[in-house]
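Listed here are the chains, written in short residue letters.
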Amino acid sequence: MNTFILIRKLWPFVRNYRGSLAVALLLTTIGALLAQVTPLVMEYSVNTVQKLLDRPIEKTEVAWVVGSLVAILLTKELLSLLVQLGQKFLSDRIRFRMAADLYEFTISRIVSYHLSFFALGQNQTGKLEKRIDKGIESLTKTVKNLFVDIVPMMANALFALVLIYNKNVGVGIVATLVLPLYAYISREQTKRQSQIRRSIQEIRENKANALFGLLESIFVVKSFVRERYEQDRQHVLNVSLCTNEIRHHRTNYLFDGLKSVAEQIGIVLVFVVTIYFVLNRQMTIGAILLHIMLFNNVSAPVRHLHRIYDEYSEALVYAEGFFDMIENNTYLPHQGSLKTTAWQGHFSLKNVDFIYPNGKQALRNVTLDLQPGKVTAIVGLSGAGKSSALNLLAGFYNPTQGSVLLDGKPLSDYDSEFVRENVGLVLQKNHIFAGTIEENIRYGRLEATPDDVIEAARQASLHAQVLQLPQGYQTEARTLSGGQQQRIAIARLFLKNPPVLLLDEPTASLDAITAEQIKESLDAIKQNRTVLIISHNISQIMDADQIYVMQEGEVIGQGTHESLYQSGGLYRDIIDSNARTLNISRLAATVLG
Ligand SMILES: Nc1ncnc2c1ncn2[C@@H]1O[C@H](COP(=O)(O)OP(=O)(O)OP(=O)(O)O)[C@@H](O)[C@H]1O
């Protein structure tokens, strides 16, 4: 990434504030002009005082000279203060508003990405969080630096240089000579630092991610007494970050020292040349003060330029990762426009291959058909590809080969929001947000009334238990048991009431009685809908109209419970194994008497 590309990428965000920017730039010019007043006044003062010393002085004359100089300097300081306040106010306004815009844009992009984006190792939660955070911070700093800070500084330096040249070309050349040296040192500094910066960025992302992971898994850490092990893992990252940061700062100190030497050399040279001209009576004594102060106006901004350059180089590194993240069209779902009222809900996979971003092939030439109004089940051993097939049907991932069809048309031709509005999902890991039970259930239909929420909870066999909680529906949902959380997910589904249901182990973490109640509720809403159910529980799949058997990413059988059992093979093994696990003969003897 270079400056031109960065400005082009940032411009859409800066454009909204071009009015404020224009005013800031105007204030800048005024501020830069005002900064030259003090050296000029000083030169005039010294020269005037020297002339006065050559003859007898009247008291009123002294009062007049001193009074007018003080008045000019005070007025200039007051004006400078107002200009600086205006600049700071505007620059903060641009910076913070732009940070908010960038953040909102980033969120809108990220939430629209396909799940495959989040499946990538470099996009794990903690890493993304750090990339967003640092990216926005350094980009907004860059805008401030590029558009607000650098211009006043350069204007100040430029006006001061023009004045020096105007006074004496020789002194001007000496003052200018030191600048390329300064720029050269800064460039070398950036070159050496950029690699360290990249490492620091990567380690910071890994560190944030590791901390996220640690806090998320604190129960496992404690139950396996792995506190020491986790501390050691954090220690490795910490030491690596620390070493890089020290290297980074050490290099900075070295180069800062060199730049400081260059600046001092500049001051000495300007001083020597001016003294020479003064002694040759080609300049007044006031010129010494004028040139030193003007050179300070040249070198001070250049000194700050280094900070800007430094922050800017850092921003270039962060901007790369940040823009890669928010401009990644590969992960935008193909947005079709098809919405139909004549919805049948006939979903199918045709000869689908699917490979996860990490290269794992989860599906091979899979063909599945979910008939509208029918219940389709997928069975298979763990890792067979059942959930992957469901993810493709839900449009979370795109197939690598083959097609996903809805009512005979590619799923990608449909408006993806329309499809997802019509599909209800209960997944193996149902996410419960931080918030109350009511808020979590209402997520299924945001405009639902409290009565609708209660009704959904009732259907999900949750209502009675919620009533026993001291805070009822206002209880923090994450404090509930795994089974209760599962029922929140099911209540969400009931509230959404979609025509297509994709259920992945919907009753996995429920006790037998609740599982039966949920099964009854689900059986009731299954009517006239397209339903796909994935389950290791045979009672959930036996009644399905159509059952697919999957093994190692392939469909190896399809039919009804009876036909598949008759044909033997994996399905029969699964059923027999289920029966043995349940100790069915003993159960039958006990239950049936
Ligand atoms: N996000 C992912 N990234 C990479 N590989 C994945 C991902 N999710 C699943 N897999 C792999 O794809 C294969 C199929 O997984 P899938 O979850 O579809 O199996 P499943 O039949 O649903 O298993 P289970 O019954 O245990 O839920 C597995 O080998 C799994 O490791």
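Residues numbered from 1 in each chain as written. Predicted model: local features only at pLDDT ≥ 70, side-chain atom pairs only at ≥ 80, totals over all residues. Heavy atoms only, no water.

Of the pairings in the sheet, the one linking strand β1 (residues 347-355) to strand β4 (residues 401-406) comprises five bridges and is antiparallel in character. From the neighbouring strand, F347 faces β4, where its bridge partner is L406. Hairpin connection, β4 to strand β5 (residues 409-410): the antiparallel pair is bridged by two residues, and D407 has positive phi, about 50°. (Pairing = 2+ DSSP bridges. Helix = DSSP H or I, 4+ residues; strand = E, 2+ residues; numbered from the N terminus.)

What follows is about a nonpolar patch on the surface. On the surface, a cluster of nonpolar side chains totalling about 620 Å² of accessible area is made up of V49, L53, I57, V62, V66, V70 and L74. Mapped by element, the contributors of at least two residues to the nonpolar patch are α3 (37-53) and α4 (59-112). Here V62 shows up in helix α4. Given a relative accessible area of 38%, V62 falls into the partly exposed group. (Patch = residues over 30% accessible without salt bridge, like charges linked within 9 Å, V, L, I, M, F, W, Y side chains within 5 Å. Areas by Shrake-Rupley, 256 points an atom, 1.4 Å probe, with all protein chains shown as cover. Salt bridge = Lys/Arg side-chain N within 4 Å of Asp/Glu carboxyl O. Buried < 20%, exposed > 50% of the residue type's maximum accessible area, 1.4 Å probe, protein only.)

Core analysis: the biggest nonpolar cluster contains 42 residues, and I437, I441, I488 and L503 have the highest contact counts within it. Per element, the largest residue contribution to this core is six residues, and it comes from helix α16 (residues 482-496). In this structure, this core is formed jointly by two domains, domain 2 (333-422 + 503-593) and domain 3 (426-497), each of which donates at least three residues. For L503, the contacting residues outside a window of four places in its chain are L390, V426, L493, L522, V531, L532, I533 and I534. (Core = buried A, V, L, I, M, F, W, Y, C linked by side-chain atoms within 4.5 Å. Domains from an automatic or database assignment. Contact = heavy atoms within 4.5 Å.)

What follows covers the site of the ligand. Close to the ligand lie 14 residues; S382, K386, S387, S388 and Q428 are nearest. In this structure, Y356 approaches the ligand through a side-chain N or O atom, which is 3.3 Å from a nitrogen atom. Between the ligand and S382, the relevant distance is 2.5 Å, taken from an oxygen atom to a side-chain nitrogen or oxygen of the residue. Of all the elements, helix α11 (residues 386-393) adds the most residues to the shell around the ligand, at three residues. Residues that form the shell around the ligand fall into these classes: four nonpolar, eight polar and two charged. (Near = heavy atom within 4 Å. Polar contact = N/O pair within 3.5 Å; in protein donor to acceptor, adjacent residues only side chain to side chain. Nonpolar A, V, L, I, M, F, W, Y, C, P; charged D, E, K, R; others polar.)

Turning next to the UniProt feature "transmembrane region" (unreviewed entry) in the protein. Taking the numbering used here, the UniProt-annotated feature "transmembrane region" (unreviewed entry) corresponds to residues 21-42, 62-85, 146-165, 171-187 and 261-279. Across residues 21-42 one finds 95% helix and 0% strand; the C-alpha atoms that close the span lie 33 Å apart. Secondary structure within residues 62-85 divides into 100% helix and 0% strand; the distance between the first and last C-alpha atoms comes to 34 Å. (UniProt positions renumbered as here; feature names shortened; annotations may be inferred.)

Turning next to the domain arrangement of the protein. One can read the domain layout of the protein as domain 1 (3-109 + 120-331), domain 2 (333-422 + 503-593) and domain 3 (426-497). A separation of 24 Å is found between the C-alpha centroids of domain 2 and domain 3. The interface is formed by 19 residues belonging to domain 2 together with 15 residues belonging to domain 3. Buried area between domain 2 and domain 3, summed over both chains or domains, comes out near 1400 Å², and the portion from carbon and sulfur atoms is 57%. Where domain 2 meets domain 3, there are zero salt bridges. Between domain 2 and domain 3 we count five residue pairs in polar contact (both at pLDDT 80 or more) in total. Contributing elements (two or more residues each) for the side of domain 2 that touches domain 3: α11, α12 (416-421), β7 (500-504) and α17 (512-526). Among the elements that make up the side of domain 2 that touches domain 3, the one with the highest residue count is α17 (six residues). Along the lines of polarity and charge, the residues of the side of domain 2 that touches domain 3 split into eight nonpolar, six polar and five charged. (Buried area = accessible area lost by both parts, 1.4 Å probe.)

Strand order in the open sheet formed by six strands is β6-β7-β8-β3-β9-β10, and the pairing between neighbours is mixed. The sheet is open, and its two edges are formed by β6 (423-426) and β10 (554-559), each paired on a single side. Strand-to-strand twist in this sheet, taken as the mean axis angle between neighbours without regard to direction, amounts to 15°. Taken together, the four bridges between β6 and β7 define a ladder with parallel strand orientation. Bridge pairing in β7 links V426 to L503. Along the sheet, α16 makes contact with β6 and β7, crossing β6 at roughly 170°. (Axes fitted to C-alpha atoms, helices over the stretch in contact; angles between N-to-C directions.)

Let us now look at the pairing of β1. Pairing analysis gives six bridges linking β1 to strand β2 (residues 361-370), with the strands arranged antiparallel. Residue pairing in the sheet places F347 in a bridge with L370 of β2. Two successive antiparallel strands, β1 and β2, enclose a turn made up of five residues, where G359 displays a positive phi of approximately 95°.

Below, the discussion takes up unusual backbone geometry. For R281, which is not glycine, the phi dihedral falls at a positive 60°. Within the secondary structure, R281 is located in the loop between α9 (227-279) and α10 (286-326). Residue classification places R281 among the exposed positions, given a relative accessible area of 76%. Positive phi outside glycine occurs at E505, with the angle close to 50°. Of note, E505 is situated in the loop between β7 and α17.

Another aspect to go through is the environment of N422. Looking at the element boundaries, N422 is found in the loop between α12 and β6. Along the primary structure N422 and G345 are separated by 77 residues, whereas in three dimensions their C-alpha atoms are 8.8 Å apart. Leaving out residues up to four positions away in the same chain, N422 has contacts with W343, P498, P499 and V500.

Moving on to the pattern of salt bridges. Within this structure, the stated rule accounts for 16 salt bridges. Residue R131 is joined to E205 by a salt bridge in which the shortest nitrogen-to-oxygen separation is 3.0 Å. With a gap of 74 residues between them, R131 in helix α6 (residues 125-167) and E205 in helix α7 (residues 169-216) connect regions that are remote in the sequence. In this structure, E320 engages R198 in a salt bridge whose closest nitrogen and oxygen atoms are separated by 3.5 Å. Taken together, the residues E320 in helix α10 and R198 in helix α7 connect sequence positions 122 residues apart. Here E320 falls in the partly exposed class, since its relative accessible area comes to 28%. Several salt bridges converge on common partners, so that one network encompasses K134, E137 and K141.

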